[in-house]
Amino acid sequence: MGANDLPTATHTIAVHRPASARAASGSPTPAWTIEAIEALFDKPFMDLLFQAQTVHRQHWSAGDIELAALLSVKTGGCPENCGYCPQAAEFDTGVQAGKLMAVEDVKRAAQAARDAGATRFCMGAAWRAPKDRDVERVAELVEAVKGLGLSTCATLGMLEPQQARALKDAGLDYYNHNLDTAPEYYADVVSTRAYQDRLDTLHNVRAAGISVCCGGIIGMGEAPVHRAGLIAQLANLDPYPESVPINSLVRVPGTPLADSDPVDPLDFVRVIAVARITMPRARVRLSAGRQQLGEAVQALCFLAGANSIFYGDKLLVTGNPEAQDDARLLAKLGLSATRTAVSTPEYTA
Ligand code: SF4
């Protein structure tokens with residue numbers, strides 16, 4: 001279908017002022033209030049999806065899905081205690097701590113991802129915050145991956161301003177640092193750092209000129225208001241992130257959140273839809289937990305505006321659908337993989 005061939009929506013689409021307008025006016029009024037976001041969540045499911053798909057087609061080519069690969073370049077042994085994470089040293093999850101991978105090994109993995117159709121290569125390291133010498137070594141990885149013609153992303157924990165600048169100089173396009181949940185629920189998930197630490201890193205990344213990849217996790221026992229609070233935090237970042245990964249909790253045995261109630265799949269689709277409506281020009285990415293969703297729910301997520309997936313058979317240390325299954329699903333739905341040039345803006349509209 002074309003971009004504007006849908007009938008007129010019967011429900012009013014929430015209007016928010018762009019970040020530039022807010023900055024110009026100096027107004028402290030956020031673009032999105034919690035109440036406005038809760039009102040979106042409360043809409044009838046079909047109306048919400050219709051609105052999300054309408055917004056999506058105003059800003060993106062409808063059949064276009066970005067493929068991103070993710071490699072754990074330094075696994076396990078993390079001193080943080082994020083309740084969902086099998087890489088935290090204090091949880092007994094069977095994940096073995098490893099050292100930072102060698103440049104040649106990372107390069108080989110990036111080459112394989114590129115050959116499988118990935119356009120961006122994300123490197124994850126289980127650190128609380130890298131030391132300056134760690135950043136120097138990651139900068140070498142970034143240069144190597146960039147040299148293959150891939151867009152680069154890293155997730156290394158908290159960053160100081162000079163570290164962000166060093167990574168930018170090495171060619172880093174994106175930095176991932178998730179807000180995880182709403183500020184009010186954050187202490188229930190992790191106690192070794194504060195929400196403000198996350199915001200400070202996001203600020204340092206932005207200031208260095210690196211694009212921001214930032215999202216959260218659904219299914220950690222949060223209340224509906226916390227889901228709205230997470231979306232409000234993301235949507236009110238000025239500017240909002242270029243990439244917004246939405247994860248469904250993978251309940252890994254040995255982690256404190258292993259016994260969380262499973263997420264209602266339709267509630268997860270709602271989160272995708274609300275993210276799309278509130279951040280129309282962001283790449284909304286189906287991330288961890290996609291394996292549990294099944295094809296039909298993934299299709300609903302794409303309808304709700306998701307336009308990026310992690311591609312490949314492993315997501316850091318949890319499973320991800322086989323690349324072939326992904327290719328089959330995209331073909332079934334008539335979706336095609338994005339093959340954008342390196343370092344072009346994410347926005348295609
Ligand atoms: S999510 Fe990141 S910071 Fe938290 S425990 Fe896992 S590796 Fe460490």
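Note that the structure is predicted; figures quoted are calculated from it, not measured.

1. Considering the overall build of the protein
Then, in step 1: When helices and strands are counted, the protein shows 12 helices and 12 strands.
Then, in step 2: For the protein, with 349 residues in total, the buried portion stands at 55%.
Then, in step 3: For the protein, the proportion of contacts with a sequence separation of at least 24, taken over those separated by at least 6, is 76%.
Then, in step 4: Element-wise, carbon and sulfur atoms account for 53% of the exposed surface of the protein, whose accessible area totals about 14,600 Å².

2. Notes on the site of the ligand
Then, in step 1: Every residue near the ligand is listed here: C78, E80, C82, Y84, C85, A88, A126 and R193.
Then, in step 2: Here the shell around the ligand is composed, by residue class, of 6 nonpolar, no polar and 2 charged.

3. Remarks on the side chain of H56
Then, in step 1: On the secondary structure map, H56 appears in helix 3 (residues 45-59).
Then, in step 2: There is a polar contact of 3.0 Å between the side chain of H56 and the side chain of R276.
Then, in step 3: What H56 contacts, discounting residues up to four positions off in sequence, is S61, A62, R276, G305 and N307.

4. Comments concerning unusual backbone geometry
Then, in step 1: The peptide bond linking D238 to P239 adopts the cis configuration, its omega dihedral lying at 5°.
Then, in step 2: With a phi angle near 70°, D180 is a residue other than glycine that sits in the positive phi range.
Then, in step 3: If you trace the backbone, D180 turns up in the loop between strand 4 (174-176) and helix 7 (183-186).
Then, in step 4: On the basis of relative accessibility, which here comes to 1%, the residue D180 falls in the buried class.

5. Focus on the pattern of salt bridges
Then, in step 1: Here the structure, examined in full by the defined rule, presents 15 salt bridges.
Then, in step 2: Between D134 and R137 there is a salt bridge, with its nearest N and O atoms 4.0 Å apart. Of this pair, D134 and R137 both sit in helix 5 (residues 132-146), 3 residues apart, which is roughly one turn of that helix.
Then, in step 3: A relative accessible area of 8% places D134 in the buried class.
Then, in step 4: Overall, the relative accessible area of 39% leaves R137 in the partly exposed class.
Then, in step 5: Connected through shared salt-bridge partners, E80, R128, D180 and R193 make up one network.

6. Some words on the environment of Q324
Then, in step 1: Turning to its location among the elements, Q324 is positioned in helix 12 (residues 323-333).
Then, in step 2: For the pair formed by Q324 and A116, sequence separation is 208 residues and the distance between their alpha carbons is 9.4 Å.

7. Looking at the packing of helix 10 (residues 265-278) against helix 11 (residues 290-303)
Then, in step 1: It is at 9 Å that the axes of helix 10 and helix 11 come closest, and there the two elements cross at 30°. Here helix 10 lies roughly parallel to helix 11, going by the angle between them. With respect to the hand of their crossing, helix 10 and helix 11 are arranged in right-handed fashion. Along the contact surface, helix 10 presents P265, L266, F268, V269 and I272, while helix 11 presents L293, V297, L300 and C301.

Cut-offs and rules
Once a new chain begins, its residue numbering starts again from 1 and follows that chain's sequence as written. Whole-chain, interface and lining totals are the exception, using all residues; otherwise, since this is a predicted model, local features are given only for residues with pLDDT of at least 70 and side-chain atom pairs are given and counted only at 80 or more. Note that water and hydrogens are dropped before the side-chain values are worked out from all heavy atoms of the structure. Helix and strand definitions here come from DSSP, where helices need a minimum of 4 consecutive H or I residues and strands a minimum of 2 consecutive E residues; each element is numbered from the N-terminal end. Only protein chains enter the accessibility calculation, which uses a 1.4 Å probe; a residue whose area is less than 20% of its type maximum is buried, one above 50% is exposed, and one in between is partly exposed. Here, two residues are considered to be in contact whenever any of their heavy atoms come within 4.5 Å of each other. The protein chains shown are the only cover counted for residues, whose accessible areas, like all others here, come from Shrake-Rupley with a 1.4 Å probe. In these notes, residues near a molecule or strand are those with any non-hydrogen atom within 4 Å of it. Just so you know the grouping, Ala, Val, Leu, Ile, Met, Phe, Trp, Tyr, Cys and Pro go in nonpolar, Asp, Glu, Lys and Arg go in charged, and all remaining residues, Gly too, go in polar. Under the rule applied, a polar contact is a pair of N or O atoms within 3.5 Å (in protein, one hydrogen donor and one hydrogen acceptor; residues adjacent in sequence only if both atoms are side-chain atoms). Whenever Lys or Arg places a side-chain nitrogen within 4 Å of a carboxyl oxygen from Asp or Glu, that contact is recorded as a salt bridge. Whenever a helix is involved, its axis is fitted only over the stretch in contact; in every case the axis is a line through C-alpha atoms, and angles between N-to-C directions fall within 0 to 180 degrees. These descriptions rest on fixed angle ranges, namely under 35 degrees for roughly parallel, over 145 for roughly antiparallel, 65 to 115 for roughly perpendicular, and the rest for oblique. What makes a crossing left-handed is the near helix being turned counterclockwise from the far one by less than a right angle; a clockwise turn instead makes it right-handed.

The values reported here are purely geometric and, on their own, carry no functional implication.
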